[in-house]
Amino acid sequence: MTSRIHSPHTTCPYCKEEVYLDELVGGCCPLCGRSLEGDEEQAEVFDDLLERSDLSWLVFQYFLYRRLERLGANPLQIMQLVNRYEEQLNSGSEEGEPFEIMFDIPMTTTDRLRLKTCHLCGRVFLRGGKKKIYGNFRLNDFQFTYFCTSCGQ
């Protein structure tokens, strides 16, 4: 047996173990399975991500998305709302200025069974129609509104 002292080796940055280069499996550490190649590229991408957006803004987007998604809003509409809100903040608009939102959401079973009043025409209806979240985003003032099929919102 020959000694491996002179064999090329490196230390895995993830599991901190010494790994010989001839033991790598497809460029990955045999112990933890993480790639040893391209670490610099991944670090640059992560640094760019942190430079572009603040951590608090990312957390805000996440919780806003989860809250509206649980209510049944379309994910694409949620992301458009977040982008629109960010653009409005970057344009230097005032805090007291209203930021109206309106999302279509599916009706729950109890919504289908009870009488609803149309937000536009005031007609009372039982079947059909749409349910929407309507309100001012900046004041956290949301309400559920219903629209009859004849109004066709």
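Look up: the structure comes first, before these words.
First things first, this report covers the structure right here in the doc. (Residues numbered from 1 in each chain as written. Predicted model: local features only at pLDDT ≥ 70, side-chain atom pairs only at ≥ 80, totals over all residues. Heavy atoms only, no water.)

### Considerations on the overall build of the protein chain
Working step 1: Within the protein chain, the secondary structure is distributed over four helices and seven strands.
Working step 2: Secondary structure elements of the protein chain, listed N to C terminal, follow the sequence β-β-α-α-α-β-α-β-β-β-β.
Working step 3: Across the protein chain, the fraction of contacts at a sequence separation of at least 24, relative to all contacts at a separation of at least 6, is 44%.
Working step 4: Accessible surface, the protein chain: about 11,100 Å² in total, of which carbon and sulfur atoms supply 53%. (Helix = DSSP H or I, 4+ residues; strand = E, 2+ residues; numbered from the N terminus. Contact = heavy atoms within 4.5 Å. Areas by Shrake-Rupley, 256 points an atom, 1.4 Å probe, with all protein chains shown as cover.)

### Overview of the sheet that holds strand β7 (residues 141-147)
Working step 1: As summarised here, the arrangement of the three strands in space is β3-β6-β7, forming an open sheet in which the pairing is antiparallel. Each of the sheet's edge strands pairs with one partner strand only, and the pair in question is β3 (100-105) and β7. With direction set aside, neighbouring strand axes in the sheet form an average angle of 25 degrees.
Working step 2: Here seven bridges tie strand β6 (residues 130-136) to β7, and the two strands are oriented antiparallel to one another. When the sheet's bridge partners are listed, Gly135 is paired in β7 with Phe142. (Pairing = 2+ DSSP bridges. Axes fitted to C-alpha atoms, helices over the stretch in contact; angles between N-to-C directions.)

### Structural notes on unusual backbone geometry
Working step 1: Although it is not a glycine, Lys16 adopts a positive phi angle of roughly 60 degrees.
Working step 2: Note on Lys16: relative accessible area 59%, which makes it exposed. (Buried < 20%, exposed > 50% of the residue type's maximum accessible area, 1.4 Å probe, protein only.)

### Here's the deal with the packing of aromatic side chains
Working step 1: Per the counting criterion, the structure on display carries two aromatic pairs.
Working step 2: When the ring of Tyr62 is compared with that of Phe63, the centres are 5.1 Å apart and the planes differ by 75 degrees; the resulting orientation is edge-to-face.
Working step 3: Judged by relative accessible area, Tyr62 falls into the partly exposed class, the value being 44%.
Working step 4: One Lys or Arg, Lys131, reaches over the ring of Phe144 and ends 4.6 Å from the middle of that ring.
Working step 5: Here the basic side chain of Lys132 rests over the ring of Phe147, its NZ or CZ set 5.4 Å away from the ring centre. (Phe/Tyr/Trp six-rings, centres within 6.5 Å; stacked < 30°, edge-to-face > 60°. Lys NZ or Arg CZ within 6 Å of the ring centre and 35° of its normal.)

### Some details on the packing of helix α2 (residues 55-71) against helix α3 (residues 75-90)
Working step 1: Running from amino to carboxyl end, α2 crosses α3 at an angle of 145 degrees, the nearest separation of the two axes being 10 Å. Viewed along their axes, α2 and α3 form a crossing whose handedness is right-handed. The segment α2 lies against α3, with Trp57, Phe60, Gln61, Leu64, Tyr65, Leu68 and Glu69 engaging Pro75, Ile78, Met79, Leu81, Val82, Tyr85, Glu86 and Leu89. (Left-handed = near helix turned anticlockwise from the far one by under 90°.)

### Remarks on the pattern of salt bridges
As a working rule, side chains carrying opposite charge can pair if their charged atoms are close by.
Working step 1: The full count for this structure, using the stated rule, is three salt bridges.
Working step 2: Among the salt bridges present, the one from Asp104 reaches Lys132, with a minimum N-O distance of 3.3 Å. Residue Asp104 is located in strand β3, and its partner Lys132 is located in strand β6; the two are separated by 28 residues in the primary sequence.
Working step 3: Under the relative-accessibility criterion, Asp104 is labelled partly exposed at 34%.
Working step 4: Ionic pairing is found between Asp111 and Lys131, a salt bridge with its closest N-O pair at 2.6 Å. Here Asp111 is found in helix α4 (residues 109-113), whereas its partner Lys131 is found in strand β6, with 20 residues between them in sequence. Assigned by exposure class, Asp111 and Lys131 land together as buried.
Working step 5: Taken together, the shared-partner salt bridges connect Asp111, Arg114 and Lys131 into one network. (Salt bridge = Lys/Arg side-chain N within 4 Å of Asp/Glu carboxyl O.)

None of this, on its own, says anything about what the molecule does.
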